[in-house]
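# Overview (structure and organization)
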Amino acid sequence: MKRQKRNPNDRAFHKGYVAAMEGRTHDSCPHENGSQHQEWVNGWRQGRQDYWNGFGRAAQAQRIANM
């Protein structure tokens, strides 16, 4: 059975979240504009908020797994 491809917007959110947790800047978004850009930025903002709130590596990994 073939595996379904992941939703590109969900993937963009996840990549943005990971970028924020790695300390990359908002300007490192690979998407120019559109819905994927917005989802990447939303993920980046969520990742930054979690980083500032002191989420540890285990909490970050659990949050990413639940996305």
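Since this is a predicted model, take the numbers as computed values, not measurements. (Residues numbered from 1 in each chain as written. Predicted model: local features only at pLDDT ≥ 70, side-chain atom pairs only at ≥ 80, totals over all residues. Heavy atoms only, no water.)

Each helix and strand in the protein chain was counted, giving three helices and zero strands. Secondary structure elements in the protein chain, listed N-terminal to C-terminal, are α-α-α. Expressed as lengths along the three principal axes of its C-alpha atoms, the size of the protein chain is roughly 40 × 30 × 15 Å. For the protein chain, with 67 residues in total, the buried portion stands at 22%. Looking at the protein chain alone, contacts between residues at least 24 apart form 66% of all its contacts between residues at least 6 apart. Here the protein chain contributes 11 positively and 6 negatively charged side chains, and the mean placements of these two sets differ by 8 Å. (Helix = DSSP H or I, 4+ residues; strand = E, 2+ residues; numbered from the N terminus. Buried < 20%, exposed > 50% of the residue type's maximum accessible area, 1.4 Å probe, protein only. Contact = heavy atoms within 4.5 Å. Lys, Arg positive; Asp, Glu negative; His and termini not counted. Charge placed at Lys NZ, Arg CZ, Asp CG, Glu CD.)

Now for the environment of His31. Relative to the assigned elements, His31 resides in the loop between helix 1 (8-21) and helix 2 (35-52). Residue classification places His31 among the partly exposed residues on the basis of a relative accessible area of 24%. Through-space distance from the C-alpha of His31 to that of Val41 is 9.7 Å; in sequence the pair is ten residues apart. Here His31 is in contact with Ala12, Gln36, His37 and Trp40, once residues within four sequence places are set aside.

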